[in-house]
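# Reading the structure
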Amino acid sequence: MSATTRLAAAARGLDSAEAARRLAAHGANALPGSSPRSLLAIAASVLFEPMFLMLLGAGALYLALGDRAEAMFLLSFVFVVIGITLVQERRTQRALESLRDLSAPRALVIRDGREMRIPGREVVVGDLLVLHEGDRIAADGMLLDGCVDVDESLLTGESVAVTRLPGTPSARLCASTVVTKGVGMAEVDAIGADTAVGRIGQALASTVEVPSGLQRASRRLIRNLSIGGLLLAATYCLLNWLWDGRTLLESLLAGIALTMAIMPEEIPVILTVFLALGAWRISQRKVLTRRVPAVEALGAISVLAVDKTGTLTRNRMQVAELAIADGEFRDEGATELAEPFHALVEFAMLATPADPFDPMEKAIQSFGVRWLEGTEHVHAQWSPEFEYALSPDILAMTLAYRGDTQRRYVLATKGAPEAVIDLCHLPAQEHARILAQVERMAERGLRVLGVARGDWQGTQPPRSQHDFDFSFLGLIGFVDPPRPEVPAAIAECRAAGIRVIMMTGDHPATARAIARMVGLSERAEVVTGADIDALDDAQLRERLRHADLCARLQPAQKLRLVQVLRAAGEVVAMTGDGVNDAPALKAADVGIAMGERGTDVAREAAALVLLDDSFASIVAAIRQGRRIYDNIGNATRFVFAVHMPIIALTLVPTLLHWPALLMPVHIVLLELLIDPACSIVFEAEPEAEDIMRRPPRTTSATPFAGPVLVESVVQGLGIAMMLLLGHGLLAGVGFDATQGRTAVFIALVAGVMLLILANRGRTRWRRLGDAPANPWLPRMAIGMMLVLALVVGVPFLREVMRLAVPHATTAAAALAIACAMVAWLALLRGLATRRA
């Protein structure tokens, strides 16, 4: 069957029912990739976690000591830990799977006789693919129509694109290759593992995430703390055995308890859960995160380099102004179109196809119908007899309509003002006047077309439009209007210390006009592509200090701008949509591709994809990125603060020859409170009030910095001091040891909740009533009260935990210690506020 015959047969494409049947029969168009971890694999990974090994070791020692109840209690927590890990892993996995579904390549196909865009994995054998420049081909197939150049370097290593023609041996197209030029249609004949890419083992569907800076820093911190903790625990074990006179098994148990208290195993949970769920939250704001570590970089962005068309503007042309010899009309706020302008609009419509594709021609038809519908100036029934298309020699087009006699024709012309003026053979003075009018309109950011009318009698149309006599009617000014939400978003960026730079291929006057409309810049200076080529890096860096607009840019010049800004120490986010934007998107700290009008190549090179192409969505993503980073910092401060009293209550009693206050069972129970606080409560914390009123953080900033951790340690040591002091006072007045341990444990659980509140944010401790609501806080408080009620109310648990039903004096003592902790945290907050 020839390509032409196959094209005719496939013109309607598959129907939806047949496509669904083939999808069910042959499976998804997906390459062999990584599958989600099974429950068994997750459980196996838990077995090698340090905390799990500690639990097993402590349980075995309790059995050796004959304390079966404690042993069973600890070993039962093995299943609890596995359960929590499974829930967290599945929650994170669901978020990442949803992101992968969104980020999967999409394909334009013809089904049921119309074009539709579908996920690439839903393409089936027999589908008709519609291919455009920049598309990544979704499946193997044969080119039926058109001519395309294809980059097959993924398969062949050859960097030069090859030309594919229908009906020839070169009509073969392969999945995952990229259309670099041309338009075409292809019929799919192989999907998934049956494609050329699948056969040579390219698992493109699975990508390996590079650990973020935060993840690398956290791993170093955990490694160092683990080594230090193990050394300290070994020393503590020897002290118990040799100095305190305990048995070797009891000393080992004490060492395990201290190791469990020291190890901050919550840090990896914080980073994994916060970044993955943060990426999912950002996707709810119409921004897809293709690379999770990009979430971390969002809060550090200092320069936002954005394209004008479609990002700052609507990417939809509309008629804004009309100009004739003795007047002007502005569409905004107008209630009627005066009669002198009717002929200009009438002939602009006649010079435009009835069903246009060009955005400006669509704007002309829409404008004309809106103002002239129902008048004698709309000629919906007319069809052109002949026409002259745009050409390199004459940048104007003419349509000819039959007039009131067989040989008379009405001519309608529109095009570049200079070309239309030339066709009208105007005197020099009139020529200059119109060009001055064009210049004034261009300075207001308008794209301008000239319109003329003519009459001609004859039977054989002349070869050139110059052979007609035209009368100049006027000018039409078009504008791509700014998105209404952009001015507020730019103001928000300015308040957040983020500089916005416009990068566009448009005329400098258009760039200035749009910049004024959206409040981007009042500075007149514009850096053009020619300027960039003429300047070295140092000179360009200096020019960029005084200019916010870059116009007449080529993609290579965008790449150089990004490199120069980064070399100056800026953290750069850049938007792009074309194949040639990919190098600049990769070079930026955060590359942002357009989801609606961007190419597959741009989307693959970018870290983020705007699903609605809106600038406001970028700003919303930055706001979310700052919130996520803030909450990682809050959770990290909490982890280091909460571990201090646990370590102190494990270590100090031995040094002072007190009865043990915290044993492995207590520490495990506390960890079950701390883990959800980290992974759920802090992750759900709303943004701070000043989140977009502070400058971007520096690239060297980290929540694991020394000053931050020192502040947390001081916070926790104060809590520990209150607990130890309380226990010492109770022991000094002859308080029963079990009642004393109960009072301290109740106060410690209250301290965990107080530390959660104290670390919610820098401003929320003093004004809890004004702080944004966190739905998980009351649930966490209720959960802690239920845990306390169970461990002191259920005899078995009470015996295992070596606690007692608290007396009134015990409850009063616990309350007094809690009040002292509140006072300590309030003092620290007051000092921090005074320093700020």
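Residues numbered from 1 in each chain as written. Predicted model: local features only at pLDDT ≥ 70, side-chain atom pairs only at ≥ 80, totals over all residues. Heavy atoms only, no water.

### Some thoughts on the sheet that holds strand β11 (residues 327-330)
- Strand order across the open sheet formed by seven strands is β11-β10-β16-β15-β14-β13-β12, with antiparallel pairing between neighbours. Sheet topology places β11 and β12 (386-388) at the edges, where each strand pairs with a single neighbour. Taking the axes of each pair of neighbouring strands and ignoring which way they run, one obtains an average angle of 20 degrees across the sheet.
- Examined bridge by bridge, strand β13 (residues 396-402) and strand β14 (residues 408-415) share seven bridges and lie antiparallel to one another. (Pairing = 2+ DSSP bridges. Helix = DSSP H or I, 4+ residues; strand = E, 2+ residues; numbered from the N terminus. Axes fitted to C-alpha atoms, helices over the stretch in contact; angles between N-to-C directions.)

### Description of a positive patch on the surface
- On the surface, R216, R219, R220 and R223 cluster together into a positively charged patch.
- By secondary structure assignment, the location of R223 is in helix α8 (residues 213-243).
- Residue class for R223 comes out partly exposed when judged on its relative accessible area of 45%. (Patch = residues over 30% accessible without salt bridge, like charges linked within 9 Å, V, L, I, M, F, W, Y side chains within 5 Å. Areas by Shrake-Rupley, 256 points an atom, 1.4 Å probe, with all protein chains shown as cover. Salt bridge = Lys/Arg side-chain N within 4 Å of Asp/Glu carboxyl O. Lys, Arg positive; Asp, Glu negative; His and termini not counted. Charge placed at Lys NZ, Arg CZ, Asp CG, Glu CD. Buried < 20%, exposed > 50% of the residue type's maximum accessible area, 1.4 Å probe, protein only.)

### A closer look at the environment of A196
- Here A196 is to be found in helix α7 (residues 196-199).
- Residue A196 is classed as buried on the basis of its relative accessible area, which comes to 15%.
- The sequence separation of A196 and D140 amounts to 56 residues, and the corresponding C-alpha distance is 7.3 Å.
- Sequence-distant contacts of A196, that is, excluding residues within four places in its chain, are made with D140 and C174. (Contact = heavy atoms within 4.5 Å.)

### Remarks on the environment of T528
- Mapped onto the secondary structure, T528 falls in strand β18 (residues 526-528).
- Here T528 falls in the buried class, since its relative accessible area comes to 18%.
- For the pair formed by T528 and R552, sequence separation is 24 residues and the distance between their alpha carbons is 5.5 Å.
- Those residues in contact with T528 that lie beyond four places of it in its chain are P508, A551 and L553.

### Brief notes about the pairing of β13
- In terms of residue burial, β13 counts as a mostly covered element, since six of its seven residues are buried.
- Bridge count between β12 and β13: three bridges; the pairing is antiparallel. Across the sheet, residue Y388 finds its bridge partner in β13, namely T398.
- What sits between the antiparallel neighbours β13 and β14 is a turn of five residues.

### Structural notes on the sheet that holds strand β20 (residues 572-576)
- An order of β8-β22-β21-β20-β9-β17-β19-β18 is seen for the eight strands of this open sheet, with the pairing classed as mixed. A strand with exactly one partner marks an edge of an open sheet, and here the two such strands are β8 (287-289) and β18. Pairs of neighbouring strands in the sheet enclose a mean axial angle of 20 degrees, with direction left out of account.
- Contacting β9 (303-307), β17 (499-503), β19 (549-551) and β20, helix α21 (residues 555-567) crosses the sheet at an angle of about 170 degrees to β20.
- On the sheet, helix α24 (residues 615-655) packs against β8, β9, β17, β20, β21 (590-594) and β22 (608-610) and is oriented at approximately 155 degrees with respect to β9.

### Concerning the side chain of R697
- Inspection of the secondary structure puts R697 in the loop between α25 (664-681) and α26 (706-732).
- Lacking a salt bridge, the buried R697 has E296 as its closest oppositely charged neighbour, with an N-O distance of 4.7 Å.
- Only 2.6 Å separates the side chain of R697 from the backbone oxygen of E296, close enough to count as a polar contact. (Polar contact = N/O pair within 3.5 Å; in protein donor to acceptor, adjacent residues only side chain to side chain.)

Coordinates in, geometry out; function isn't part of it.
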